[in-house]
Amino acid sequence: MALRGMLFHQQLLLGLIILAATATAASQDSQPNSSCIYCGSLCIHYPFGTRSSHYLDESFLINCENTSGTPKPTLGYDQNLEVLNISLEGELRLSTSVT
C-alpha cells in the first residue's frame, strides 16, 4: 500500500510539472515578440511595432517608409511625424516640420 501511495504522489508530481511547462510555453507564445525590429537605425520594441499584432494598438504603429532609399520611421499614418528615438523607459522622440 505504501508503494502505491508513493507511485501516486510521483505521478501527481509529474503531471503537475507537465501542466506547468505547458502553461509556460502557451503564455510565451501569446505574448508579442520582445526582440528589436529595425527601421533604418531605429530599434523598435514592443509596445511599438511595424506589423499587425506586433504593436499594442493602432496608436503604437510605426510605419517604415523606404521611398527615398533610406528607411524613415513615422508614427502611425501621419507621415509628418518622423520617429527619432524610442527609449525603453517609455520616451518617444519625434520630429515634425513647422510651417
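Residues numbered from 1 in each chain as written. Predicted model: local features only at pLDDT ≥ 70, side-chain atom pairs only at ≥ 80, totals over all residues. Heavy atoms only, no water.

Asker: How should unusual backbone geometry be read in this particular structure?
Answerer: Negative phi characterises most residues that are not glycine, and trans characterises most peptide bonds. For the peptide bond that leads from Y46 to P47, omega is 20°, which places it in the cis range. Mapped onto the secondary structure, P47 falls in the loop between strand 2 (42-44) and strand 3 (62-65). Here S53, not a glycine, exhibits a phi torsion of approximately 70°, which is positive. Inspection of the secondary structure puts S53 in the loop between strand 2 and strand 3. (Helix = DSSP H or I, 4+ residues; strand = E, 2+ residues; numbered from the N terminus.)

Asker: What am I meant to see in the pairing of strand 6 (residues 92-95) here?
Answerer: Looking along a regular strand, one sees side chains alternate from face to face of the sheet. Looking at chain direction, strand 5 (residues 82-86) and strand 6 are connected through four bridges and run antiparallel. Within strand 6, the position partnered with I86 by the bridge is L92. Connecting strand 5 to the antiparallel partner strand 6 that follows it, the hairpin turn spans five residues, and G90 within it adopts a positive phi of roughly 100°. (Pairing = 2+ DSSP bridges.)

Asker: I tried to follow the state of the cysteines on my own but got confused; where do I start?
Answerer: Each disulfide is one covalent bond, formed between the sulfur atoms of two cysteines. Considering all chains together, one arrives at two disulfides under this definition. The disulfide bridge from C36 ends at C43, spanning 1.7 Å between sulfur atoms. C39 shares a disulfide with C64; S-S distance 2.1 Å. The S-S bond linking C39 to C64 shows a torsion near 95°; that makes this disulfide right-handed. Of the two residues, C39 is situated in strand 1 (residues 37-39) and C64 in strand 3; the sequence distance between them amounts to 25 residues. Under the relative-accessibility criterion, C64 is labelled partly exposed at 36%. (Disulfide = S-S within 2.5 Å. Buried < 20%, exposed > 50% of the residue type's maximum accessible area, 1.4 Å probe, protein only.)

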